[in-house]
Amino acid sequence: MKQLENKIVIVTGGSGLLGKSIVQLLEERGATVINFDLNNPEDSKYFVACDIREETSIEKAISSVIENFGRIDGLVNNAYPRTSDWGSSFENTSAESWKTNVDWQLNSYALITQKVIPYMREKSKGSIIFMTSIYGIVGNDMTIYEDTNINAVATYSAIKGGLISFSKFLASLYGKENIRVNCVSPGGIFDHQDPKFVSAYEHKVPMKRMGNPDDISPAVAFLLSDDSKYITGHNLVVDGGWTAI
Ligand SMILES: NC(=O)c1ccc[n+]([C@@H]2O[C@H](COP(=O)([O-])OP(=O)(O)OC[C@H]3O[C@@H](n4cnc5c(N)ncnc54)[C@H](O)[C@@H]3O)[C@@H](O)[C@H]2O)c1
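Residues numbered from 1 in each chain as written. Predicted model: local features only at pLDDT ≥ 70, side-chain atom pairs only at ≥ 80, totals over all residues. Heavy atoms only, no water.

Asks: Would you take a moment to explain the sheet that holds strand β2 (residues 32-37) for this structure?
Replies: Sheet strands line up and pair through hydrogen bonds in the backbone, either parallel or antiparallel. The 7 strands lie next to each other as β3-β2-β1-β4-β5-β6-β7, forming an open sheet whose pairing is parallel. The open sheet is flanked by β3 (46-49) and β7 (235-238), the only strands paired with a single partner. Across this sheet, the average inter-strand angle for adjacent strands is 20 degrees, counted without regard to direction. When strand β1 (residues 8-12) meets strand β4 (residues 74-77), the two strands line up parallel, connected through 3 bridges. Counted as the bridge partner of V9 is G74 from β4. Strand contacts of helix α2 (residues 55-69): β1, β2 and β3, with the helix running at about 160 degrees to β2, the strand carrying the most contacts. Running at roughly 160 degrees to strand β6 (residues 179-186), helix α4 (residues 154-174) makes contact with β5 (126-131), β6 and β7 of the sheet. (Pairing = 2+ DSSP bridges. Helix = DSSP H or I, 4+ residues; strand = E, 2+ residues; numbered from the N terminus. Axes fitted to C-alpha atoms, helices over the stretch in contact; angles between N-to-C directions. Contact = heavy atoms within 4.5 Å.)

Quick look at the structure:
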């Protein structure tokens, strides 16, 4: 039997860089995967248009999963909405921009999770994953941004650190109901960034390369599967050793 056979899993942001790889691997391992995204350029097998920033959009999308598949075994909170000024330096980040990104990237993850939990509770089982980041754990090494147009994003650290703590709250609250809540924290993923940045990153990271989406998706599959049935409140760091030093 395949690792994820008979699992009904929602992946938010399944059309993006990491989302595509996650959807593909979960399907290969036997899951039925429903991609909740704004658009579907990848032609996902099961796609539901969903804007995770909108409560009614979340409710409609979840209802359609229940109508079509009857239950929800897994939720991967992976969508990545951000404002047009995302990437500004800390001092150039307006109060409005800060609040909006916290609302879109943190509050939205909490909202969709809240709406999915009752369906997991009905079956006394579920696995919820938050895609977080090394920058929710450690501060950025500011030297890797030197001479590039890339900034370390302050809001991102606040959001991802908040999600890591929040996942532990949920793990504690729902442990007795067999609903597990974990994080996957990737290091930097290669996406054709400025070569100076890539080379500085590779120089520092112990494994001497940036991550690829297919480095990350097996960690998600593991935490959704029954192989991790006694793991909750964990943050699985997949970073080539970045946070080890
Ligand atoms: N790429 C990296 O280096 C990296 C590293 C660590 C963590 N992460 C985390 O992994 C997750 C995915 O990142 P990514 O790099 O694949 O991002 P991406 O931008 O490539 O993809 C994000 C996806 O989310 C979708 N999306 C955006 N707004 C949405 C909304 N309102 N409702 C529903 N879907 C929406 C987009 O359409 C897109 O398909 C994020 O949580 C990100 O913080 C990424």
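Asks: Please clarify how helix α3 (residues 95-123) should be interpreted in this entry.
Replies: Residues lying three or four places apart along an α-helix face the same way, a consequence of the helix completing one turn every 3.6 residues. Look at α3: 42 Å from first C-alpha to last across 29 residues, which is about the 42 Å you get at 1.5 Å a residue. Maximum bend of α3: about 35 degrees, positioned at N107. Within two residues after α3, S124 carries a phi angle of roughly 50 degrees, on the positive side. (Expected span 1.5 Å × (residues − 1). Bend = angle between axes of the 7 residues up to and from the residue.)

Asks: It is not clear to me how the pairing of β1 should be interpreted in this structure. Could you clarify?
Replies: The side chains of a regular strand alternate between both faces of the sheet. Counting buried positions over the 5 residues of β1 gives 5, a clear majority of the element. Of the two faces of β1, both are covered, the one formed by I8, I10 and T12 as well as the one formed by V9 and V11. (Buried < 20%, exposed > 50% of the residue type's maximum accessible area, 1.4 Å probe, protein only.)

Asks: It is not clear to me how the pattern of salt bridges should be interpreted in this structure. Could you clarify?
Replies: Two side chains of opposite charge can pair, provided their charged atoms sit close to one another. Per the stated rule, a full pass over the model turns up 9 salt bridges. The residue K125 makes a salt bridge to D226 at a minimum N-O spacing of 3.2 Å. In this pair, K125 sits in the loop between α3 and β5 while D226 sits in the loop between α6 (213-224) and β7, placing the two residues 101 residues apart along the sequence. Note on K125: relative accessible area 36%, which makes it partly exposed. Assessed through its relative accessible area of 35%, D226 is described here as partly exposed. Residue D215 is joined to R209 by a salt bridge in which the shortest nitrogen-to-oxygen separation is 2.8 Å. Overall, R209 belongs to the partly exposed group, its relative accessible area being 37%. Each of K7, K125 and D226 takes part in salt bridges that share partners, so that together they form one network. (Salt bridge = Lys/Arg side-chain N within 4 Å of Asp/Glu carboxyl O.)

Asks: Looking at this structure, how should I read the site of the ligand?
Replies: As a matter of local geometry, the ligand sits amid 24 residues, with L18, D37, D51, R82 and Y156 nearest to it. Separating an oxygen atom of the ligand from a backbone N or O atom of L18 is a distance of 2.8 Å. Note that an oxygen atom of the ligand is positioned 3.1 Å from one of the backbone N or O atoms of I189. Out of a free accessible area of 830 Å², the ligand has 87% covered by protein chains. The site holding the ligand turns out to be the largest pocket. Put simply, the parts of the chain that give the shell around the ligand at least two residues each are α1 (17-28) and α4. A per-class count over the shell around the ligand returns 13 nonpolar, 6 polar and 5 charged. (Near = heavy atom within 4 Å. Polar contact = N/O pair within 3.5 Å; in protein donor to acceptor, adjacent residues only side chain to side chain. Areas by Shrake-Rupley, 256 points an atom, 1.4 Å probe, with all protein chains shown as cover. 1 Å grid on protein atoms, 1.4 Å probe; cavity = no way out; pocket = protein on both sides within 12 Å on 5 of 7 lines; lining within 4 Å. Sits in = over half its atoms within 2 Å of the grid points. Nonpolar A, V, L, I, M, F, W, Y, C, P; charged D, E, K, R; others polar.)

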